Amino acid sequence: MNNLDHLDKLRELDPQGMLAVEEGFYQQLQQGVEIAGQSDLSKISGKKYSGVVFTGMGGSGISGDIITALAADSSQAPMVSVKGYRLPRFITKDWLVVASSYSGNTEETLSCVQQAMDMGATMLFITSGGRLEQLVQDYDSVSAITVPAGLQPRGAFGYLFMPAYLALAQLGLLAVKQSHIEEGLEIVKKLSSQYNRKVETGKNFAKQVAVNIGDRLPLVYGQEGYLAPIAYRWKCEINENAKTPCFWAQFPELNHNETVGWERLDKLTKDFALIILSRPEGHPRIRARVEATKKLIDNNLGKVIEIPVKGQSSFAQAISTLYTGDIASVYLALYHGVDPTPVEKIEKLKAELAKLD
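The structure reproduced in this document is the subject of the present report. (Residues numbered from 1 in each chain as written. Predicted model: local features only at pLDDT ≥ 70, side-chain atom pairs only at ≥ 80, totals over all residues. Heavy atoms only, no water.)

**So, the overall build of the protein chain**
A count of helices and strands for the protein chain gives 14 helices and nine strands. Taking 357 residues into account, the globule formula puts the C-alpha radius of gyration at 21 Å, and the protein chain, at 20 Å, falls close to it. With respect to the principal axes defined by its C-alpha atoms, the protein chain has extents near 55 × 45 × 45 Å. Of the accessible surface of the protein chain, which amounts to about 16300 Å², a share of 50% is contributed by carbon and sulfur atoms. Once the 37 positive and 40 negative side-chain charges of the protein chain are each reduced to a mean point, those two points are 3 Å apart. (Helix = DSSP H or I, 4+ residues; strand = E, 2+ residues; numbered from the N terminus. Rg over C-alpha atoms; globule rule 2.2 N^0.38 Å. Areas by Shrake-Rupley, 256 points an atom, 1.4 Å probe, with all protein chains shown as cover. Lys, Arg positive; Asp, Glu negative; His and termini not counted. Charge placed at Lys NZ, Arg CZ, Asp CG, Glu CD.)

**What to know about the pattern of salt bridges**
If you walk through the whole model with that rule in mind, you get 13 salt bridges. Taking the shortest distance from any N to any O, the salt bridge between Asp-5 and Lys-207 comes out at 2.8 Å. Taken together, the positions of Asp-5 in the segment before helix H1 (7-13) and Lys-207 in helix H9 (residues 205-213) put the pair 202 residues apart, joining distant regions of the chain. On the basis of relative accessibility, which here comes to 34%, the residue Asp-5 falls in the partly exposed class. (Salt bridge = Lys/Arg side-chain N within 4 Å of Asp/Glu carboxyl O. Buried < 20%, exposed > 50% of the residue type's maximum accessible area, 1.4 Å probe, protein only.)

**Re the sheet that holds strand S7 (residues 247-251)**
Pairing is parallel in the open sheet, where four strands are placed in the order S7-S6-S8-S9. Among the strands making up the open sheet, the edge pair consists of S7 and strand S9 (303-308). Taken pair by pair, the neighbouring strands of this sheet meet at an average axis angle of 25°, ignoring direction. Of the strand pairs in this sheet, strand S6 (residues 217-223) and strand S8 (residues 272-278) are connected by five bridges, and their pairing is parallel. If you follow Val-220 over to S8, its bridge partner there is Ile-275. Where helix H10 (residues 227-242) meets the sheet, its contacts fall on S6, S7, S8 and S9, and the angle it forms with S6 comes to roughly 165°. (Pairing = 2+ DSSP bridges. Axes fitted to C-alpha atoms, helices over the stretch in contact; angles between N-to-C directions. Contact = heavy atoms within 4.5 Å.)

**Thoughts on the pairing of S8**
Burial analysis of S8 places seven of its seven residues in the buried class, the great majority of the element. The side-chain alternation of S8 yields two buried faces, one formed by Phe-272, Leu-274, Ile-276 and Ser-278 and the other by Ala-273, Ile-275 and Leu-277. Pairing of S8 with S9 involves six bridges; the strand directions are parallel. Residue Ser-278 lies in a different strand from S9, and its bridge partner there is Pro-308. The parallel pair S8 and S9 is bridged by helix H12 (residues 284-297), and the resulting crossover is right-handed. (Right-handed = clockwise from strand over helix to strand, strands pointing away.)

**Details of the pairing of strand S2 (residues 79-82)**
The pairing of strand S1 (residues 52-55) with S2 spans four bridges and is classified as parallel. For Phe-54, the partnering residue across the bridge sits in S2 and is Ser-81. Taken together, S1, helix H4 (residues 58-71) and S2 constitute a β-α-β crossover, and its handedness is right-handed.

**Section: helix H8 (residues 178-195)**
For the α-helix, the turn length of 3.6 residues means that residues three or four positions removed from each other point alike. Helix length check: H8 (18 residues) gives 26 Å between terminal C-alpha atoms against 26 Å at 1.5 Å per residue, within 8%. Ile-181, Gly-184, Leu-185, Ile-187, Val-188, Leu-191, Ser-192 and Tyr-195 are the residues of H8 that are buried. For H8, the buried positions fall inside an angular range of 160° around the axis, keeping them on one side. Exposed side of H8, more than 90 degrees from the buried face: Gln-178 and Lys-190 are the residues found there. (Expected span 1.5 Å × (residues − 1). Arc of directions from axis to C-beta.)

**Section: the environment of Lys-267**
Structurally, Lys-267 is set in helix H11 (residues 266-269). Taking the C-alpha atoms as reference, Lys-267 lies 9.8 Å from Gly-302; in sequence the two are 35 residues apart.

**Some details on a nonpolar patch on the surface**
A cluster of nonpolar side chains, contributed by Leu-349, Leu-353 and Leu-356, occupies part of the molecular surface with about 310 Å² of accessible area. Mapped onto the elements, Leu-353 comes out in helix H14 (residues 344-354). According to the relative accessible area criterion, Leu-353 is partly exposed, its value standing at 34%. (Patch = residues over 30% accessible without salt bridge, like charges linked within 9 Å, V, L, I, M, F, W, Y side chains within 5 Å.)

**Looking at helix H13 (residues 314-335)**
Taking 1.5 Å per residue as the helical rise, H13 with its 22 residues ought to reach 32 Å, and the 31 Å between its terminal C-alpha atoms agrees with that figure. By the criterion of burial, H13 is predominantly enclosed, with 21 of the 22 residues buried. Phi turns positive, to about 70°, at Gly-337, one or two residues after H13.

**Examining the packing of aromatic side chains**
Given two aromatic rings, their pairing is described by the distance between the two centres and the angle made by the two planes. Under the definition given, this model contains 11 aromatic pairs. Here Phe-25 and Tyr-323 contribute two aromatic rings whose centre-to-centre distance is 5.0 Å and whose plane-to-plane angle is 10°, an arrangement assigned as stacked. Taken as a pair, Phe-25 in helix H3 (residues 25-38) and Tyr-323 in helix H13 lie far apart in primary sequence, 298 residues in all. An angle of 80° between the planes, with centres 6.2 Å apart, marks the rings of Trp-262 and Phe-272 as edge-to-face. Taken together, the positions of Trp-262 in the loop between S7 and H11 and Phe-272 in strand S8 put the pair 10 residues apart, joining distant regions of the chain. Judged by its relative accessible area of 8%, Trp-262 falls in the buried class. Among the aromatic residues, ring-to-ring pairing joins Phe-25, Phe-157, Phe-161, Tyr-165, Tyr-195, Phe-315 and Tyr-323 into one connected group. (Phe/Tyr/Trp six-rings, centres within 6.5 Å; stacked < 30°, edge-to-face > 60°.)

**Quick look at the nonpolar core**
One finds Leu-96, Phe-161, Tyr-165, Leu-168, Leu-173, Ile-275 and Phe-315 to be the most contacted residues of the largest nonpolar core, which totals 83 residues. The residues contacting Leu-96, other than those within four sequence positions of it, are Ile-44, Tyr-49, Gly-51, Val-52, Val-53, Thr-122, Met-123, Leu-124, Leu-168, Leu-171 and Leu-173. Counting 19 residues, the second largest nonpolar core, distinct from the first, contains Val-53, Trp-95, Met-117 and Met-123. (Core = buried A, V, L, I, M, F, W, Y, C linked by side-chain atoms within 4.5 Å.)

Shape is all these values report; function is a separate question.
Okay, here's the thing in structure tokens:
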């Protein structure tokens, strides 16, 4: 398409409305807060937990990754995120198991839930229905937060993340400041008006990110802490929405391996676009590493795109940076004339796996 200001063409390319979902991200976050406030956690409240384990995949599981990273500076309880079929052996019935599956039918998540049930663990489900919702009737030590259905899991982040985040705060497992939530939502509200499809490319940073990526292969560099799972989220959104290969890494770990890898294949990597999530504060050595790395590898790249991290609190910085990547990935799909919603290869994979059942 190559013209993100052609509104009629945007609607034609996006019949299921993924762009509208992203334009409504602020409202979804607000609804997520309301859902959390209305949730009944009585079955799992008043207990002392040894830790929290999140189990979930893809767009449902990213919430656990981000909460785990945000909790590092505020939680006394260990938190881990599991992306697979098995819970680690150190997880006992004294841990809280948070299972997030938008459909309620994710096989890896259900496998972990069954293990948790077998050991008698207490659980919290975040789902729109499916098998998870049914299991609530069969198991006593579980509370379920039901969220609106009808979206792609990656498009339901606000519904999945906010209730889980605030529920853990209500259970005393996280320290969450209301002022930080308000700051994050206010920044997203402002960005949503700036990123709206009606705002032309020259004034729309999300559209500019998509155009600057263009036909280049994108890589996303995050930083230690909560910007690492945010970089991973950028990668996943570009994969699923724009149907484009994308890779990610984080400072400072990438300086101990990936930095060396830029010595060869420079003709190939000239077609790469490096996206750096640029946090103004934090550990001073990280900023120094970012600047030094850019100098070392700049000649190997076709484009370097810096994403300014907005906000004072870690919550506001995480949620606003995630939002920029989410909507930019949709614009990247539309820039190339691609419908952002379908995930045909995932559906075909599920069909192949179903043959083995």
